[in-house]
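# Observations on the three-dimensional arrangement
Spelled out, the chains give:
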Amino acid sequence: MAVTATTPAITASAVRTRTGAAAVAAALVLLVAALAAVDITQGTAAVGAPEVWKALTGRSDPADSSVLIASRLPRMTAGLLVGALLGMAGAALQAVSRNVLASPDTLAVNAGSYFGLGIAAVTGVSLPLLASSGIAFAGGLAAAAVVLGLSGLGTGTVRLVLAGSALTLGLTALTEGLLLLFPQDTEGVYHWNQGSIAQHGFDGVLQVAPIGVVALIGLLLLARRIDALALGDDAARGLGVPVRSTRVTAVVLAALLSTAAVTLAGPIGFVGLCAPALVRPLARRFRGFTRTRGSLPVAGLTGAALVIGSDVLLRALVPSDVAVAVPTGVVTSLVGAVFLIVMAVRVRDTAGSTAPDRLRIRTRGVFLTTTAVLAVVLVGVIIAAVLVGDSKLLLGDVVNWAQGRAGRTVTFVLDTRVPRVLAALFAGAALALAGTLIQAVTRNPLAEPSILGVSGGAALGAVLLVTTVPLAGTWSVAGAAFAGAAGASVLVFGLAARGGFQQNRLVLVGFGVATGSAALVSLLIILTDPFNATKALTWLSGSTYGRNLTDVAPLAAVLAVGVAVAVMRRTELDLVSLDEDTPRLLGLSLGRGRFGFLALGVLLTATAVAAAGTIGFVGLVAPHAARALVGRQHARVVPVAVLLGAILVCTADLVGRTVIAPAQLGAGVMTAVIGTPYFLYLLVRSRR
Amino acid sequence: MRRLLLTAAAATAAALTLTACGTTEPAADDTKQTAERITLTDDTGTKVELDGPAKNVVGTEWNVVESLICLGVAPVGVSDVKGYKTWNTAVPLKNEPKDVGTRGEPSMDTIASLKPDLILATTDLPPAAIEQLRKVAPVLTVHAAAASDPIGQMTKNLDLIAQATGTTEKAGTLKQQFQAKLDEGKKALADAGRAGTPFAFADGYVVSNQVSIRPYTSGSLLGGVNEKLGLKNAWTVEGDPAYGLGTTDVEGLTKLGDVEFAYIGNDGDKDSNPFTGALAQDKVWTSLPFVQKGNVHRLPDGIWMFGGPESMSKYVDAVVAALKK
């Protein structure tokens, strides 16, 4: 899928662009100023508009003015600054990569910075802001370098986003894992995950602002070269632009911008992706914004408006004491998600379907060997998962248990461990199968239940039920998860279906729904059960803690049906995944088949989420790996992917339970930690 | 890739051979019956039956652990032992219990391996986890706190734990001592002319350069104790239904007005003490009336804010000492 920034259409309106652009810029400045003015009247202290007015006219109470000067103004400035930095970073990254999906979030720059800060926090070193900013920069830049290095500069935009999203998931999981090692700090997980713009005085803003200014000046100096890149690498080279060095410099500067933002306020999601996306339609109308020198500041302004607008919205909607507990990042993600979905639907999608991955045709022997080896590995992993834990068991114990003759401890350990192992196994298998089905139907290498928001919808449905009905039963949770997943899929696939699952649109809408639902889950947990870290863990990063056999039952049933259907209709899957025309030529009703497979994928995802929380990555990695191992035929891909998924999640659960025993890490955290390196390896390998 | 898979298979096969057969525990034989059965009903309405006073007890939350120690029962398993040692030095562990994992997700395996005859849990654990624990041993599940009657919930928990461990006499003494401590403290404060003083207790933590402050409203255990001491809780924010804790930021403190402000920090956790750290230079903080008058009191570390009668008695001493100055 070639995700390319839409080339601006030069129309008759281009004549009056200069004044038009200036007017738009002025309107944006006014909007930002108005939002900023509202923002300083909001907060937990009794300092509203009248007090602000008194302060402006110099008749203020000293306590009120201290609130304004030391709390409100810094918060407002930080919001503007962070928004501007992220907006500009996103615009720069999208320009150099010619990729509308590139942003500090998708290139793992934010995740890398966050990881750097996480390491600094865990080592317990207390650092001044600038030093921690250095660590964050190193982390962000390293992540960007890995992503760009793996994907190859200027080649394959899909690979860029694939690598970036993969690394983001992996690094975020690692950071969460690190922070979880400190139990008192678990409430911080939300705050870390989602940044907040609250400040104490101007120190932070003043220290970070120069970094942003330097990076901005650098980017503006580089602007002409960046513009030349829009013509394509060869054309740019023809114009005498050093493509490689331009790109590297621009990425470094963009990383610097987003690092500054992360240091000041933590990762505030989606602004870097959203602000340039909002500017793009403007650029089509006003030529002034097509050039980097024009679009960069406008993207900055838009970012500032997004962040400060989210803050205003939050404080206007919920009581001030509650608003304190909700990180700004949650709201930007929500606002950003809605915008992104709207944009994605409206933007003209230029990308056609991609050529199928060029993979060697494998022989039947390879398939049989692979399946056999995987089956053996799976059995091994299952045995290991049953035997290894806080208390190590031996096979004899299991035999005793199976015959009902085991002692009290062994009986109990196995009674609780076996359901967990099964939950992990089935969830892995179900997610892998769901990923296979969805990738086949959409012919989209990025399509995956969690990236497309299906898992997020399921988690949202389940959390809604669990929060409103505290003692909800297994089947009702599964039902609620399915309702959520179905809602999310109807939204995603429905909106993307116009024009037959256009590739960009599907992933963009999916990204939006995924981020939005994750933010809503965070919001629900913060508002209803703020001190319950276990609940947050289960629904935000997947955990098999406290599962019993009845929890696994719906999943097992759906998985059995899913595998049966996939095996029976394997040829149809092959055809659907091939291209748009072949099935039609063969007289197959494409629409109905697609709908059936999608519904099955959604059902599989929902039951997996109900049983083990949101475990990302499996649906992406397992089908990819399976195709790399045994070719594209679904008769072969399905069993191999299902085996791989089961192995992956089961291993992740095993490691999560044992590595910091008796404390435990969520299976989702470990899946991402294990899945990321493998996925990156896969990317490197497929370059050849 | 194929070589990788083969290696994995070989390794698995080797592992299988190595672990083959053998048991870690002999097969079960019939369990013996003892007299003197104890039947209790816990906060989830579940009937808990014990063969006799429990001796090997595991606690999944620190407040029940503290109650156990006060009652003279040394727990065999405690969640997050390191954390307990950091945060509750008022009632130190008298033995070296096994660490059973985090308070949110205690490890089933470790608990089972301790072969307890009673598990003390709170309703903060997921119901499914409590269900599983019931298979290991009788589980006594209590509400860790109740904002409607914080002190009542604490003594109710103490009584239940005492009945289960056959230490009701000791519990009676503890309750009497605690009541005496409250009366004594109230009198001392009244004598010092401190009755009815507006008082605000909070703790705070720093996460990514940002300070969060947790007000202890009148629904919190400390809030309840403050009122028994004749102090007036100055917080106007709303607390959660269980612990009576609210959330606010530094700005929110401006609503307190002229009060006595107290907090407990911890030197073992640098992020837990913003009041002398991150806030020291904050203009909003330094211009608060109680900060300017020097009415901010750091109470001794290690008094567990959600603990039992012993922690609360130490808290009473600390508050009286701070306000009598």
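Residues numbered from 1 in each chain as written. Chains lettered and ligands numbered in written order. Predicted model: local features only at pLDDT ≥ 70, side-chain atom pairs only at ≥ 80, totals over all residues. Heavy atoms only, no water.

## Brief notes about the overall build of chain A
Helix and strand counts for chain A come out as 29 helices and zero strands. Look at the contacts in chain A between residues 6 or more apart in sequence, and 80% of them connect residues 24 or more apart. Counting every atom, chain A has about 24600 Å² of accessible surface; 68% of that belongs to carbon and sulfur. (Helix = DSSP H or I, 4+ residues; strand = E, 2+ residues; numbered from the N terminus. Contact = heavy atoms within 4.5 Å. Areas by Shrake-Rupley, 256 points an atom, 1.4 Å probe, with all protein chains shown as cover.)

## What to know about the overall build of chain B
Looking only at helices and strands, one finds 11 helices and 12 strands in chain B. Residues counted as buried form 55% of the 325 residues belonging to chain B. Considering only contacts in chain B between residues 6 or more positions apart, those separated by 24 or more positions represent 62%. Per element, the accessible surface of chain B, about 13400 Å² overall, is 52% carbon and sulfur. (Buried < 20%, exposed > 50% of the residue type's maximum accessible area, 1.4 Å probe, protein only.)

## A word on empty space enclosed by the protein
Any empty space left between atoms is shown by rolling a water-sized probe over those atoms. Within this structure, the stated rule accounts for 10 cavities of 30 Å³ or more. In this structure, the largest cavity encloses a volume near 1200 Å³. Listing elements by their share of the lining of the largest cavity, those giving two or more residues are helix H4 (109-122), helix H6 (157-180), helix H19 (454-468), helix H21 (503-528), helix H22 (533-541) and helix H29 (667-685) of chain A. Tallying contributions element by element places H21(A) first for the lining of the largest cavity, with seven residues. Class assignment of the residues belonging to the lining of the largest cavity gives a composition of 20 nonpolar, 18 polar and two charged. When its volume is computed, the second largest cavity comes out at roughly 290 Å³. Lining the second largest cavity we find 23 residues, and of these A:Ser196, A:Ala198, A:Val324, B:Val211 and B:Asp249 sit closest to its centre. (1 Å grid on protein atoms, 1.4 Å probe; cavity = no way out; pocket = protein on both sides within 12 Å on 5 of 7 lines; lining within 4 Å. Points joined across faces, edges and corners; volume = space filled by probe spheres on them. Nonpolar A, V, L, I, M, F, W, Y, C, P; charged D, E, K, R; others polar.)

## Let's talk about the sheet that holds strand E4 (residues 77-78) of chain B
All names here are of chain B. With respect to topology, five strands assemble into an open sheet ordered E5-E4-E3-E6-E7, the strand pairing being parallel. Every interior strand has two partners, whereas the edge strands, strand E5 (98-99) and strand E7 (139-142), have only one. Relative to E4, strand E3 (residues 57-59) runs parallel, the two sharing two bridges. If you follow Val58 over to E4, its bridge partner there is Gly77. Contacts from helix H2 (residues 62-70) reach E3, E4, strand E6 (118-122) and E7 within the one sheet, and its direction differs from that of E6 by about 135°. Along the sheet, helix H5 (residues 127-136) contacts E6 and E7; its crossing angle with E7, the most-contacted strand, is approximately 150°. (Pairing = 2+ DSSP bridges. Axes fitted to C-alpha atoms, helices over the stretch in contact; angles between N-to-C directions.)

## Quick word on the packing of helix H6 (residues 150-165) of chain B against helix H8 (residues 221-228) of chain B
Residue and element names in this part refer to chain B. Two numbers describe how H6 lies on H8: the axes approach to 8 Å, and their chain directions differ by 110°. The angle between the axes of H6 and H8 places the two elements in the roughly perpendicular class. In this structure, H6 contributes Pro150, Ile151 and Met154 to the contact, and H8 contributes Leu221, Gly224, Val225 and Lys228. Grouping the constituent residues of the contact of H6 with H8 by class yields five nonpolar, one polar and one charged. (Parallel < 35°, antiparallel > 145°, perpendicular 65-115°, else oblique.)

## Details of a positive patch on the surface
Taken together, the side chains of A:Arg224, A:Arg287, A:Arg291 and A:Arg293 present a region of like positive charge at the surface. If you trace the backbone, A:Arg287 turns up in the loop between helix H12 (271-285) and helix H13 (292-317). (Patch = residues over 30% accessible without salt bridge, like charges linked within 9 Å, V, L, I, M, F, W, Y side chains within 5 Å. Salt bridge = Lys/Arg side-chain N within 4 Å of Asp/Glu carboxyl O. Lys, Arg positive; Asp, Glu negative; His and termini not counted. Charge placed at Lys NZ, Arg CZ, Asp CG, Glu CD.)

## Topic: the pairing of strand E11 (residues 260-264) of chain B
Of all the five residues making up E11(B), five are buried; the element is thus mostly covered by neighbouring parts of the structure. Here E11(B) shows a buried face lined by B:Glu260, B:Ala262 and B:Ile264 and a second buried face lined by B:Phe261 and B:Tyr263.

## Focus: the packing of aromatic side chains
All names here are of chain B. Evaluated as defined, the whole model comprises 14 aromatic pairs over all chains. A centroid spacing of 5.5 Å and a plane angle of 65° characterise the contact between Phe261 and Phe275, whose relative ring orientation is edge-to-face. Here Phe261 is found in strand E11, whereas its partner Phe275 is found in the loop between E11 and helix H9 (283-286), with 14 residues between them in sequence. The burial state of Phe261 is the same as that of Phe275; both residues are buried. Lying over the aromatic face of Trp62, Arg103 brings its terminal NZ or CZ to 3.7 Å of the ring centre. (Phe/Tyr/Trp six-rings, centres within 6.5 Å; stacked < 30°, edge-to-face > 60°. Lys NZ or Arg CZ within 6 Å of the ring centre and 35° of its normal.)

## Quick word on H5(B)
Every buried residue belonging to H5(B) is among B:Ala129, B:Ile130, B:Gln132, B:Leu133 and B:Val136, and all of these are buried. For H5(B), the buried positions fall inside an angular range of 160° around the axis, keeping them on one side. On its buried face, H5(B) sits against helix H18 (408-442) of chain A together with helix H4 (108-113), E6 and E7 of chain B. (Arc of directions from axis to C-beta.)

## Comments concerning the side chain of A:Ser522
Residues and elements named next belong to chain A. Take Ser522: it is sitting in helix H21. Owing to a relative accessible area of 7%, Ser522 belongs among the buried residues under this scheme. Among residues more than four places away in sequence, those in contact with Ser522 are Val330 and Leu540.

## Describing the packing of H6(B) against helix H7 (residues 168-191) of chain B
All names here are of chain B. Remark: H6 packs on H7, axes separated minimally by 8 Å, with the N-to-C direction vectors making an angle of 155°. With respect to each other, H6 and H7 are oriented roughly antiparallel. You can see that H6 and H7 cross each other, and the crossing is right-handed. Two secondary-structure elements touch here, H6 through Ile151, Met154, Thr155, Leu158, Asp159, Ala162 and Gln163 and H7 through Thr168, Ala171, Leu174, Lys175 and Phe178. Its residues assigned to classes, the contact of H6 with H7 shows seven nonpolar, three polar and two charged. (Left-handed = near helix turned anticlockwise from the far one by under 90°.)

## Some details on the confidence of the model for chain B
Residues of chain B with pLDDT of at least 70 account for 88%, and the chain-wide mean is 86. Prediction confidence for the complex, expressed as pTM and ipTM, is 0.82 and 0.79 respectively. (pLDDT = per-residue confidence, 0-100.)

## Points about the nonpolar core
All names here are of chain A. Counting 130 residues, the largest nonpolar core has Trp539, Leu604, Val640 and Leu644 as its most contacted members. For this core, the element with the highest residue contribution is H18, accounting for 19 residues. Of all hydrophobic cores here, the second largest spans 79 residues; its members include Ala91, Ala111, Ala163 and Leu178. (Core = buried A, V, L, I, M, F, W, Y, C linked by side-chain atoms within 4.5 Å.)

## Examining the environment of A:Ala49
Relative to the helices and strands, A:Ala49 is located in helix H2 (residues 49-56). Sequence-wise, A:Ala49 and A:Thr607 are 558 residues apart; in three dimensions their C-alpha atoms are separated by 50 Å.

## Some thoughts on the confidence of the model for chain A
A low pLDDT means the predicted coordinates there should not be read in detail. All names here are of chain A. Per-residue pLDDT for chain A has a mean of 81; in total, 86% of the residues score no lower than 70. In the model, residues 1-15 has pLDDT below 50 throughout and makes 32 contacts with residues more than four positions away in sequence or in other chains. Confidence drops under pLDDT 50 across residues 183-192; counting only partners more than four residues distant or on other chains, this segment forms 30 contacts.

## Focus on helix H27 (residues 618-630) of chain A
Between its terminal C-alpha atoms H27(A) stretches 18 Å, which fits the 18 Å expected from 13 residues at 1.5 Å a residue. Looking at the residues trailing H27(A), positive phi occurs at A:Gly631, about 90°. (Expected span 1.5 Å × (residues − 1).)

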